[in-house]
Each structure stands twice: as structure tokens, then as C-alpha cells.
Amino acid sequence: MASPDIRKIYIETYGCQMNLADTELLLGLLKPQGYEPTHDASQADVILLNTCAIREHAEERVLGRLGVLVRHKARNPRVLLGLAGCMAQHHREKLLEQAPFLDFVVGPDAYRTLPALLTQEENDAPFVSVRLDREETYADITPVRGEGVRAWVTAMRGCDRFCTFCIVPYVRGRERSVPLAALLAQVRELAAHGYKEIVYLGQTVNAYHDGTADFADLLRQTAAIEGIERIRFTSPHPADMSERIIEAMATFPKIAPYLHLPLQSASNRVLQRMERGYTIEHYAALVERLRAALPDLALSTDIIVGFPGEDEADFRATYDFMAQVRYDSAFMFKYSPRQGTKAYKWGETVSEEEKGRRLQEIIALQERISREINRRLIGQTVEVLVEGPAKRQPGWLAGKSRQFKTVVFPGGQVQPGDLIQVQVRDATAHTLIGEARSPMPV
Ligand code: 5AD
Ligand code: SF4
């Protein structure tokens, strides 16, 4: 029997992995108050959307969902409905004009205030808690993680780079790192609980520095923890990719040969207006050094098309660079003006139609390259960390290769968490299709 003190919270998470990790953090903060997660909004005492503000589309989706979820309040007025995350921080009180039924709005540095605001007396005015805090890392909070083989671990919060298109520094505040000792203690605990893969998170995760230790130290010391089989991190910034980090990646096989290295644009003119802090020559040289040190490295990237002032020649430069580097995969976006950023004041110079055309062009290019790269793996054997049932093929299992490619294969004697050898039989742009070489874990 559930205790009457137990309250159910339903959370929908939007945006990046940082937000997924923050949802686990929110659950950790609320657990001592008797809150348990539920997947069923109609059973919930509290409904919370953990939101993203990176592009306008992300915000529109949340407003649409709010319109649907408010029905639970109509049915039971004691249900509390609130917004957390970057969109909450971005719009603050203004959200109450668009959605007057909201009970609370809480920003990424104010999550400690949430337990108190949820126990406020009924009919109180909506609560807006959006103070940014230069120190807050939540290092003492144990997140409530889902089942699985992979654990997200937030290594640093915020961003100091202020790329001119990006809202993140305004909604997540200044950069700050979780102390090394706290991170290592957390990872040891995760290993003891059976997690096999650690993914360190941060907006510019490789800028990690706790005053004494840098990101290379963190990687090296994590690699020494027994039970952890794989280590990844996202997202590194190209300008913070030190030789020490590359060396650590080359030294420890546990550190996955996979790197998400956001490019945004390959035109120096555009990179400069974006204030990215590197030239295309620097970036290309970095890729060369990485590939020399890590021969089996898989690379992915982020690209924005239609940034203010991007002309056809700038776009061509990006297209040609992508064709030359041959990323394993890419996340490609149309520029979305964000109020409060520097670029917002420049307006838009590329029409929606033209942005769409540029986006389609690089998506088609990337699809072809991804397929070619993956199909070259046919016949080879890859090491797979088994995660669980495949999404589309009943009875099949899915996992990730060391290069972070999704691999599906007919199930057998293997369990989630096993490391097995899979022979690749077929491949699409996004998936490797294989057969377990050994029925037993290797
Ligand atoms: N418009 C489009 N894409 C953006 N990104 C960040 N801000 C914007 C914006 N205003 C993209 C960048 C970043 C990724 C997380 O989202 O490519 O690397
Ligand atoms: Fe945004 Fe640039 Fe910071 Fe990334 S590095 S979060 S793109 S400001």
C-alpha cells in the first residue's frame, strides 16, 4: 500500500541532456519530501515541464503541451502545474500572462526553492523563482536516476562564452564546476550500483575546472574507477579542446572514441560574427590532431544555417567543409532569433524559405556521408554495450558501439549492461544491424 504521504510528480523533459540530468536532480531534491515520479499525468499531484529555450520551436511545443496538461487542473484543482528550466528563466513572470493557470515558474539555479513552493497554501499567488546563482552546482544532491546502463553526470553548469546567437549564458548563468572529489564519489557510487557508462555533461564541458583539477584530470581519474566501462562527455567547445584532453582520450580505452564538436559554420566571417572563438583553420587543425591521436574517432557536430549575414558563399563554405571532414553525424538547425542575445538585434537576413533550402541541402549531404561511413563497417565486428530492447524490431536488442553508433541485433542470452561483440551485417545512416558473435558476454 502506498503511504498517504506519497505525492506523485509527472515531469516532461525538453531539450538537451543537461535537462534530462536536471530532471533527475529535481526528483532527487523532491524525494525527501515524499515525491515519487509517475509516467501518468492523470495520477500526478504535480505536473512539471522542464523546458528548453534554445530555439523558438522548442518554446512553442511547451506552450502547446501546457494547453493540453492544464486539463488535469480542470479535473482536480489541487494539481499544481509548473515550468522549470531554460524557458522558465528566459520569460519569467511574462509566462504568467501567456499561461495564467501556472502555479510556479522555476529557473535552473533555483531548484532548491521548489520543495518549499510546492507545500505553499492553496490559492497562493503563482510562485516565480528565477534567481541565477554563481555558486550553485547541486553537488550535494543525489539525483534519482532511471534504470539503465548509462548515467548522466553534470560536471559543470552555465556558460561564459556568449556566442552571439545563443540564449544559454543568459538562462543558465555563469560557468561553474562541481568539485572533482564530489564527481568521483558520485561515479564510484554509480559503478557500485551497476552503471557501466558515464556521460559527463556541461555546456562547455571541457572547460571544466574546479580550481585545482581540469577536465583531463577528471577523465583520467574517472578512467581508474573499476566497473565503469565507458566514458563520454558532451558538449566540448572546440576552443577548450586541450592537448591534455586529447592525450587522456588516447591513453584510456575506456574513454569512447567519439566526440561531438560543434562547428556552427565553416565561414570565418560568420564564425567571427557568432563570436565562436576559433577560425575554420583552427578547427580543421584540431580535427587533424584528434584524428592523428585517435584513429577510430567518430565525430559529430552542430550546424546553424541562416545566421544573420550568412550569404551563399558562407553557406557553401559550410557545405564543402562538411563534405571534406565527413562527420559521422550532425545536428543541423535553422537559425532562430532569441531575444536578449546580441544577434537578435541584427534581425534576420535570410528568408525562411532560403533557410529551409540550405538546411535540406546539408541534411541530404550528411545522410549520404553517414550512410557511407556506416556501410564501411559492414563485415567488421564492433563492441556493443547492450542497453535493452530495440525500438522497432520486436525481440531484438539495442546498444551502442564504442563510437556511439546505435547497433541492433537479434536477442540471445545477453543482458543490458553486457559488453558483447557484434558483427555488422547491414547499415543505414543511423543504425548498424548485426549479429551477436558470441552468445555469452565477452
Ligand atoms: N538558433 C538555432 N540553433 C541554435 N543553437 C543554439 N542557439 C541557436 C539558435 N538561436 C544550436 C547550436 C548549438 C546547439 C545546442 O543548438 O548549434 O550548438
Ligand atoms: Fe551557447 Fe556558445 Fe555557450 Fe554553447 S558555447 S552554450 S553555443 S553560448
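Bear in mind that the values here come from a model prediction, so they are computed numbers and not experimental data.

S.K.: Before we go on, may I ask you to explain the overall build of the protein chain in this structure?
M.R.: Scanning the protein chain for helices and strands turns up 13 helices and 19 strands. Taken against the 2.2 N^0.38 rule, which gives 22 Å for 442 residues, the C-alpha radius of gyration of the protein chain at 22 Å falls within 12% of a compact globule. Seen through its C-alpha atoms, the protein chain measures out along the principal axes to roughly 60 × 55 × 45 Å. Residue burial in the protein chain is summarised as follows: out of 442 residues, 53% are buried. Restricting to contacts in the protein chain with at least 6 residues of sequence separation, those with at least 24 account for 71%. When the accessible surface of the protein chain is totalled, it reaches about 19,800 Å², and 50% of it is carbon and sulfur. Charge separation in the protein chain, taken as the distance between the mean sites of 54 positive and 57 negative side-chain charges, equals 3 Å.

S.K.: Before we go on, may I ask you to explain the pairing of strand β19 (residues 431-436) in this structure?
M.R.: When a strand is regular, its side chains alternate between the sheet's two faces. The sheet contact formed by strand β17 (residues 406-410) and β19 spans three bridges and is parallel. Bridging across to β19, V408 finds its partner in I433. The pairing of strand β18 (residues 419-427) with β19 spans five bridges and is antiparallel. When the sheet's bridge partners are listed, V422 is paired in β19 with A436.

S.K.: Which parts of the structure should I look at to understand the nonpolar core?
M.R.: Side chains of nonpolar character tend, in soluble globular proteins, to be buried together. One finds Y200 and F233 to be the most contacted residues of the largest nonpolar core, which totals 60 residues. Not counting residues within four places of it along the chain, the set of residues in contact with Y200 comprises V153, A155, L183, V187, V205, F215, L218, T222, I231, R232, F233 and T234. If you look at the next biggest cluster of nonpolar residues, it comprises 22 residues, including L66, L83, M87 and V130.

S.K.: Help me out: how do you make sense of the side chain of S267 in this one?
M.R.: Residue position: S267 is located in the loop between β12 (258-260) and α10 (268-274). Polar side-chain contacts of S267 include one of 2.7 Å to the side chain of D314. Ignoring anything within four residues of it in the chain, the contact list for S267 reads D314, A317 and T318.

S.K.: Can you help me understand the sheet that holds strand β14 (residues 329-334) in this one?
M.R.: Two strands in a sheet stick together by hydrogen bonds in their backbones, pointing the same way (parallel) or opposite ways (antiparallel). With parallel pairing, the three strands of this open sheet are ordered in space as β12-β13-β14. Two strands close off the open sheet at either side, each with one partner strand: β12 and β14. Ignoring strand direction, the axes of neighbouring strands in this sheet form an average angle of 10 degrees. Pairing of strand β13 (residues 298-305) with β14, which is carried by six bridges, proceeds in the parallel orientation. Its bridge partner lying in β14, T301 is registered against A330.

S.K.: I keep staring at the packing of helix α12 (residues 312-325) against helix α13 (residues 352-375) and nothing clicks. Help me out?
M.R.: A pair of packed helices can be characterised by two numbers: the angle between their axes and the separation between those axes. At their nearest, the axes of α12 and α13 sit 10 Å apart, and the two run at 10 degrees to each other. On the basis of the axis angle, α12 is roughly parallel to α13. Viewed along their axes, α12 and α13 form a crossing whose handedness is right-handed. The segment α12 lies against α13, with E312, F315, R316, Y319, M322 and A323 engaging E354, R357, R358, E361, I362, L365, Q366 and I369. Taken together, the residues of the contact of α12 with α13 break down into seven nonpolar, one polar and six charged.

S.K.: Even after reading the chapter, I still don't get the environment of E226, so can you show me in this structure?
M.R.: Positionally, E226 belongs in the loop between α8 (215-223) and β11 (230-234). Looking at E226, the relative accessible area reads 74%, which means it is exposed. Apart from residues no more than four positions distant in its own chain, E226 is found in contact with A191 and K254.

S.K.: Looking at this model, I keep getting lost on the site of ligand 1. Mind explaining?
M.R.: All residues adjacent to ligand 1 are I54, R55, F165, Q264, D302, I304, F333, K334, Y335, S336 and R338. F165 is positioned such that a nitrogen or oxygen atom in its backbone is 3.0 Å from a nitrogen atom of ligand 1. For ligand 1, the accessible surface in isolation is 400 Å², of which the surrounding protein chains cover 86%. For the shell around ligand 1, the residue count by class is five nonpolar, two polar and four charged.

S.K.: For this particular structure, what's the right way to read the packing of aromatic side chains?
M.R.: The description of an aromatic ring pair uses the distance of the two centres, along with the angle that the planes make with each other. By the definition in use, this model includes nine aromatic pairs. Seen from their ring centres, F307 and Y335 are 5.4 Å apart, and the 75 degrees between their planes marks the pair as edge-to-face. Here Y335 lies in the loop between β14 and α13 and F307 lies in the loop between β13 and α12, a separation of 28 residues in the sequence. For Y335, a relative accessible area of 3% translates into the label buried. Between the NZ or CZ atom of R273 and the centre of the ring of W346, over which it lies, the distance is 4.7 Å.

S.K.: I would appreciate a short explanation of the domain arrangement of the protein chain in the present structure.
M.R.: Much of the literature gives interface size as the accessible area that the parts lose upon coming together. Examined at the domain level, the protein chain breaks down into domain 1 (7-129), domain 2 (150-375) and domain 3 (381-436). One C-alpha centre belongs to domain 1, the other to domain 2, and the line joining them spans 28 Å. With 18 residues of domain 1 at the contact, the number on the domain 2 side is 20 residues. The contact between domain 1 and domain 2 buries some 1,700 Å² in all, and 56% of this surface belongs to carbon and sulfur atoms.

S.K.: Explain the pairing of strand β15 (residues 381-389) to me, please; I cannot follow it from the model alone.
M.R.: Note: β15 against β18, five bridges, orientation antiparallel. Counterpart to E383 in the pairing with β18 is Q421. A loop of six residues connects β15 with strand β16 (residues 396-401), the two strands running antiparallel in sequence, and G395 in this loop sits at a positive phi of about 85 degrees.

Rules used throughout
- Residues numbered from 1 in each chain as written.
- Chains lettered and ligands numbered in written order.
- Predicted model: local features only at pLDDT ≥ 70, side-chain atom pairs only at ≥ 80, totals over all residues.
- Heavy atoms only, no water.
- Helix = DSSP H or I, 4+ residues; strand = E, 2+ residues; numbered from the N terminus.
- Rg over C-alpha atoms; globule rule 2.2 N^0.38 Å.
- Buried < 20%, exposed > 50% of the residue type's maximum accessible area, 1.4 Å probe, protein only.
- Contact = heavy atoms within 4.5 Å.
- Areas by Shrake-Rupley, 256 points an atom, 1.4 Å probe, with all protein chains shown as cover.
- Lys, Arg positive; Asp, Glu negative; His and termini not counted.
- Charge placed at Lys NZ, Arg CZ, Asp CG, Glu CD.
- Pairing = 2+ DSSP bridges.
- Core = buried A, V, L, I, M, F, W, Y, C linked by side-chain atoms within 4.5 Å.
- Polar contact = N/O pair within 3.5 Å; in protein donor to acceptor, adjacent residues only side chain to side chain.
- Axes fitted to C-alpha atoms, helices over the stretch in contact; angles between N-to-C directions.
- Parallel < 35°, antiparallel > 145°, perpendicular 65-115°, else oblique.
- Left-handed = near helix turned anticlockwise from the far one by under 90°.
- Nonpolar A, V, L, I, M, F, W, Y, C, P; charged D, E, K, R; others polar.
- Near = heavy atom within 4 Å.
- Phe/Tyr/Trp six-rings, centres within 6.5 Å; stacked < 30°, edge-to-face > 60°.
- Lys NZ or Arg CZ within 6 Å of the ring centre and 35° of its normal.
- Domains from an automatic or database assignment.
- Buried area = accessible area lost by both parts, 1.4 Å probe.

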